[in-house]
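Working through the structure, step by step
Chain by chain, the residues run as shown.
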Amino acid sequence: MMIIGLTGGIGSGKSTIARIFEMLGVKVYYADERAKASYFLSHVKPKIEILLGKESYINGSILNKKYIAQKIFSDDELLKKLNEIIHAEVKNDFYLFAEKYKKEKYIIKESALLVEANLLSTINKLLLVTSDIKLREERIIKRDGLTKEEINKRIEKQLPDAEKIKHADWIIDNNEQELLIPHIIEIHKSLVG
């Protein structure tokens, strides 16, 4: 079984690409979603509260994303420590996912930080989704309701596409100029054929 990494900056459209692969029957691991879920694990939650404060959770049960973002996107050391906690959980969780689907020709590991977190050694090939900053901003504002300042802080913490391109085996330009499905089918055929 091959592990295909699917990455791209915030708002690039990784999730859309992943869903198209799922429609083709490919098993997709959503690292970013699993990372969010890991905040609520009984052995993780206390670590988060110690690192960032009890304000990280609203009424102890809802993730206070705005509070966490304000803390970590203005303090590189806090971001690093938080990533260490969460990445360890995602690594273990992905191992179980990969074991479950080891008979598949390939699976996809969707993650915004595959390159930044030095996880390239955990995949066989990399598919990069790129998109213009302006379009990414529009998508994020529509999806998450963030301000341009909040978006820019997050984009600044991610490597620019030019750096990620150096590691990519395939690049999908998601600027709403060309159809995505034919490109994805072509990649899919190359992997199953």
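Let me begin by describing the structure that accompanies this report. Since we're looking at a predicted model, the values are computed, not measured. (Residues numbered from 1 in each chain as written. Predicted model: local features only at pLDDT ≥ 70, side-chain atom pairs only at ≥ 80, totals over all residues. Heavy atoms only, no water.)

**Describing the sheet that holds strand β7 (residues 170–173)**
- Taking strand neighbours across the sheet as the criterion, the five strands line up as β2-β5-β1-β6-β7 in an open arrangement whose pairing is parallel. The strands lining the two open edges of the sheet, one partner per strand, are β2 (27–30) and β7. Direction aside, neighbouring strands of the sheet carry axes that sit 20° apart on average.
- Bridge analysis of strand β1 (residues 2–8) against strand β5 (residues 106–110) gives five bridges, and the strand direction is parallel. Counted as the bridge partner of I3 is I107 from β5.
- In this fold helix α1 (residues 14–23) packs onto β1, β2, β5, β6 (125–130) and β7, with an angle of close to 155° to the strand it touches most, β2.
- The sheet strands contacting helix α5 (residues 76–100) are β1, β2 and β5, and the helix crosses β2 at an angle near 170°. (Pairing = 2+ DSSP bridges. Helix = DSSP H or I, 4+ residues; strand = E, 2+ residues; numbered from the N terminus. Axes fitted to C-alpha atoms, helices over the stretch in contact; angles between N-to-C directions. Contact = heavy atoms within 4.5 Å.)

**Observations regarding the packing of helix α2 (residues 31–38) against α5**
- Between α2 and α5, the shortest axis-to-axis distance is 9 Å and the interhelical angle comes to 115°. Remark: the crossing between α2 and α5 carries right-handed chirality. Taking contact as the criterion, the partners of A31, R34, A35 and S38 in α2 are, on α5, I86, E89, V90 and D93.
- Looking at the contact of α2 with α5, its residues break down into four nonpolar, one polar and three charged. (Left-handed = near helix turned anticlockwise from the far one by under 90°. Nonpolar A, V, L, I, M, F, W, Y, C, P; charged D, E, K, R; others polar.)

**Focus: helix α9 (residues 181–192)**
- If you check α9, its first and last C-alpha atoms are 16 Å apart, about what twelve residues at 1.5 Å a residue would give, namely 16 Å.
- For α9, the set of buried residues is I184, I187, H188 and L191. End-on, the buried residues of α9 take up no more than an arc of 100°, which puts them together on one face. Within α9, the exposed residues directed more than 90 degrees away from the buried face are E186 and K189.
- Along its buried surface, α9 packs onto β1, α1, β5, β6 and β7. (Expected span 1.5 Å × (residues − 1). Buried < 20%, exposed > 50% of the residue type's maximum accessible area, 1.4 Å probe, protein only. Arc of directions from axis to C-beta.)

**A look at the side chain of H188**
- Topologically, H188 is positioned in helix α9.
- Taking relative accessible area as the criterion, H188 reaches 14% and is therefore assigned buried.
- Sequence-distant contacts of H188, defined by excluding residues within four places in its chain, comprise F21, L24, V26 and Y106.

**Quick notes on the environment of G8**
- Following the sequence through the fold, G8 ends up in strand β1.
- C-alpha separation for the pair G8 and L113, spaced 105 residues apart in sequence, amounts to 8.0 Å.
- When neighbours within four sequence positions are excluded, G8 is seen to be in contact with K14, S111, A112, L128, V129 and K164.

**Observations concerning the packing of helix α6 (residues 133–144) against helix α7 (residues 148–156)**
- Between α6 and α7, whose axes approach to 10 Å, the crossing angle comes to 120°. Between α6 and α7, the crossing angle belongs to the class labelled oblique. Between α6 and α7 lies a crossing of right-handed hand. Together, I133, R136, E137, I140 and I141 of α6 and K148, I151, N152 and I155 of α7 make up the contact between the two elements. (Parallel < 35°, antiparallel > 145°, perpendicular 65-115°, else oblique.)

**Description of α5**
- With 25 residues, α5 extends 35 Å from end C-alpha to end C-alpha; this agrees with the ideal 36 Å at 1.5 Å per step.
- All of the buried residues in α5 are L78, L79, L82, I85, I86, E89, V90, F94, F97 and A98.
- Structurally, the start of α5 carries an N-cap: the backbone nitrogen of E77 is 3.0 Å from a side-chain oxygen of D75. (Polar contact = N/O pair within 3.5 Å; in protein donor to acceptor, adjacent residues only side chain to side chain.)

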